[in-house]
Amino acid sequence: MLINGKQVAAIDGRTFTVTNPATEETIVSLPHGGLEDVRSAVDAAEAAQPGWARVSPRDRAHVLASAARLIRERVPALARDLTREQGKPLRESTDEIRGTANVLEYYAGLGSAFRDDLYRLAPDLDAQVLRQPIGICAAVIPWNMPALLFAWKAAPALLCGNSLVVKPASTAPMTPLALAAILHEAGLPRGLLNIVTGPGETVGEALVSEPRVRKVSFTGSTETGRRVMVLAAANIKRVTLELGGSDPMIVCEDADLERAVAGAVAGRFYNSGQVCTAVKRLFVHEAVADEFTRHLVAAVERLTVGNGMEPATRMGPLNSATGLERIASLVRETREADTGTVITGGSESSGAGNFYEPTVVTDVAEDSRLLSEEVFGPVLPLVRFRDLNDALIRANRSPYGLGASIWTRNTKYMREATRRLEAGLVWINLHLKVPPEVPFGGTKQSGLGRENGVQALEAWSETKTVLIRE
Ligand code: NAD
């Protein structure tokens, strides 16, 4: 726990442990926060924020830039610690830590572009539109991308002059703690960035409900997002909700199949399938489905599953035993109810660690949970379609609307899909890539509001209009 720039124990002295999902060994014991700890973090954030609001955006940006430099110098160590707590292969952890430095640099670059607007409405009437800090804000983050998602929230929040209290996930809290320590080393004044570790149901709810917290930025499941929205409603807090997804990937008959197979494998099995914008439903045109499936299965069977610390590993364990059980039971149900055919994978490993084989399921029934729910693990359902209209109707048949991709060379198909796909982000001939320069977020039950891009500055500040007559 980090409060007022210092590592502190929980007020009642309780702790919890973090385990390595590949070996089931205990890595660390951390403070199990409670309501008093949340109050103490918000006290620190309240005391520090007014001073930070008076610092120029350029000087705030300087802290982000210095932190990015320190992160880049320490990529290997940070990546190893991320793999140990989260499970992903070292090469993916390295990507994520580098991506985290990119995010801090991107926002640092926006510091000098930060401006208020001035209007002359009439010869004797001027207006100013000021961008002001919101005040004390909260960020609740999940375990699947604990470094990147920390940066997506902390960097714009701090750049805009706010103070922040972060609640990390209990299975991957070490990386956010390490990044917060780096921001302090880079010159962030104490009290502006506090981290309270502990369970979502107590620490998370207390933080979201704290009357002094004026904005909550939440990334996690749709179910928890709904709860966060209800709690935030009591004080009409601003909320940004980045929730679950069930992204469709549509492969047309004219697609470059080699690229599409590589896109599907990376899109589904990166981070063991635990990505909000992973390819969760694959739609392939019936004319190319047999050939595509053959190549897909061959590529999936080449993925080496193992401890993320091993250089040969391409897919690590699931982050938790609960996540593993959820995936295993979905596949069991599919087999028992005969709602799909498992053509590769489909079992968990018998040794230590939360390992599950990369799995592909075909002949998936329309009402299968593999299509209607978010499958947060390495299981890919493949569905054949007749024509683009059929694919788009089925792709949109989901409560989620985060990302979606179409793979084709036909510009008519590209335009049609871009217009009709119900998603916050549409990729054409790629999937999964999320650069910090452009807005990111979901429609439907995938969330509310956008992160990234200059749009994030609006989400982390209040607009104040001033009308002036001299
Ligand atoms: P989760 O909702 O279980 O937990 C997310 C965070 O919320 C954790 O820190 C948790 O401790 C906390 N939390 C739990 N209950 C809470 C409560 N009642 N009040 C306040 N906080 C509470 O989600 P998860 O399993 O950690 O993450 C996986 C989910 O996150 C998936 O659905 C995934 O799609 C989604 N996700 C979305 C995005 C996005 O940008 N849209 C990005 C990554 C992950």
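The coordinates are above.
Model, not experiment: these values are computed from the prediction.

A. Inspection of the overall build of the chain at higher detail. In terms of regular secondary structure, the chain is built from 15 helices and 22 strands. Each of the three principal axes of the chain carries a C-alpha extent, and together these read 70 × 60 × 40 Å. When the 470 residues of the chain are sorted by exposure, 56% land in the buried category. When the accessible surface of the chain is totalled, it reaches about 19400 Å², and 51% of it is carbon and sulfur. Here the chain contributes 52 positive and 55 negative side-chain charges, whose respective centroids are spaced 5 Å apart.

B. Main features of the side chain of Ser-246. Structurally, Ser-246 can be placed in the loop between strand 11 (238–242) and strand 12 (247–251). When sequence neighbours within four positions are dropped, the list of residues in contact with Ser-246 reads Lys-280, Arg-281, Leu-371, Glu-373, Ser-398 and Tyr-400.

C. Region of interest: helix 13 (residues 388–395). Burial within helix 13 is extensive, with six of its eight residues counted as buried. Buried positions along helix 13 lie against strand 12, strand 13 (279–285), strand 16 (379–385), strand 18 (403–407) and helix 14 (411–420).

D. Spatial organisation of the sheet that holds strand 5 (residues 117–122). If you trace the three strands from one edge of the open sheet to the other, you get 5-6-22, paired in antiparallel fashion. Each having just a single partner strand, strand 5 and strand 22 (461–468) make up the two edges of the open sheet. Taken over all neighbouring pairs, the strand axes of this sheet differ in orientation by 20 degrees on average, direction set aside. Pairing geometry for strand 6 (residues 125–133) and strand 22, over eight bridges, is antiparallel. Looking at the pairing, Ala-127 lines up with Leu-467 of strand 22.

E. Up close: the pairing of strand 3 (residues 15–19). Residues Phe-16 and Val-18 point to one face of strand 3 and are all buried, whereas Thr-15, Thr-17 and Thr-19, pointing to the other face, are not buried. Bridging between strand 3 and strand 4 (residues 26–31) involves five bridges; their strand directions are antiparallel. Within strand 4, the residue paired with Thr-15 across the bridge is Pro-31. Between the end of strand 3 and the start of strand 4, which pair antiparallel, lie six residues, with Glu-24 showing a positive phi angle near 65 degrees.

F. Structural view of the site of the ligand. What surrounds the ligand is a group of 28 residues, the closest being Ile-141, Lys-167, Ser-221, Thr-224 and Glu-374. Measuring from an oxygen atom of the ligand, one finds a backbone N or O atom of Ile-141 at 2.8 Å. Contact between the ligand and Glu-205: a nitrogen atom at 2.8 Å from a side-chain N or O atom of the residue. For the ligand, whose accessible area on its own is 850 Å², the fraction buried by protein is 89%. For the shell around the ligand, the element with the most residues is helix 7 (residues 200–209), which contributes four residues. Grouping the amino acids of the shell around the ligand by side-chain chemistry returns 13 nonpolar, nine polar and six charged.

G. Layout of the packing of helix 2 (residues 57–73) against helix 5 (residues 148–159). Across the interface, helix 2 lies against helix 5 with an axial gap of 9 Å and an inter-helix angle of 155 degrees. In this view, helix 2 runs roughly antiparallel relative to helix 5, as classed from their interaxial angle. Counted together, Pro-57, Arg-60, Ala-61 and Leu-64 of helix 2 and Ala-155, Leu-158 and Leu-159 of helix 5 form the full contact between these two elements. When its residues are assigned to classes, the contact of helix 2 with helix 5 shows six nonpolar, no polar and one charged.

H. Structural context of the pairing of strand 7 (residues 136–140). With five of its five residues buried, strand 7 lies for the most part within the structure. Burial of the side chains of strand 7 extends over both faces: Ile-136, Ala-138 and Val-140 are buried on one face and Cys-137 and Ala-139 on the other. Looking at chain direction, strand 7 and strand 8 (residues 163–167) are connected through five bridges and run parallel. Within the sheet, the bridge partner assigned to Cys-137 lies in strand 8 and is Leu-164. One crossover worth recording links strand 7 to the parallel strand 8 by way of helix 5, and it is right-handed.

Conventions and cut-offs
Residues numbered from 1 in each chain as written. Predicted model: local features only at pLDDT ≥ 70, side-chain atom pairs only at ≥ 80, totals over all residues. Heavy atoms only, no water. Helix = DSSP H or I, 4+ residues; strand = E, 2+ residues; numbered from the N terminus. Buried < 20%, exposed > 50% of the residue type's maximum accessible area, 1.4 Å probe, protein only. Areas by Shrake-Rupley, 256 points an atom, 1.4 Å probe, with all protein chains shown as cover. Lys, Arg positive; Asp, Glu negative; His and termini not counted. Charge placed at Lys NZ, Arg CZ, Asp CG, Glu CD. Contact = heavy atoms within 4.5 Å. Pairing = 2+ DSSP bridges. Axes fitted to C-alpha atoms, helices over the stretch in contact; angles between N-to-C directions. Near = heavy atom within 4 Å. Polar contact = N/O pair within 3.5 Å; in protein donor to acceptor, adjacent residues only side chain to side chain. Nonpolar A, V, L, I, M, F, W, Y, C, P; charged D, E, K, R; others polar. Parallel < 35°, antiparallel > 145°, perpendicular 65-115°, else oblique. Right-handed = clockwise from strand over helix to strand, strands pointing away.

So far we have only geometry, and geometry alone does not tell us how the molecule works.
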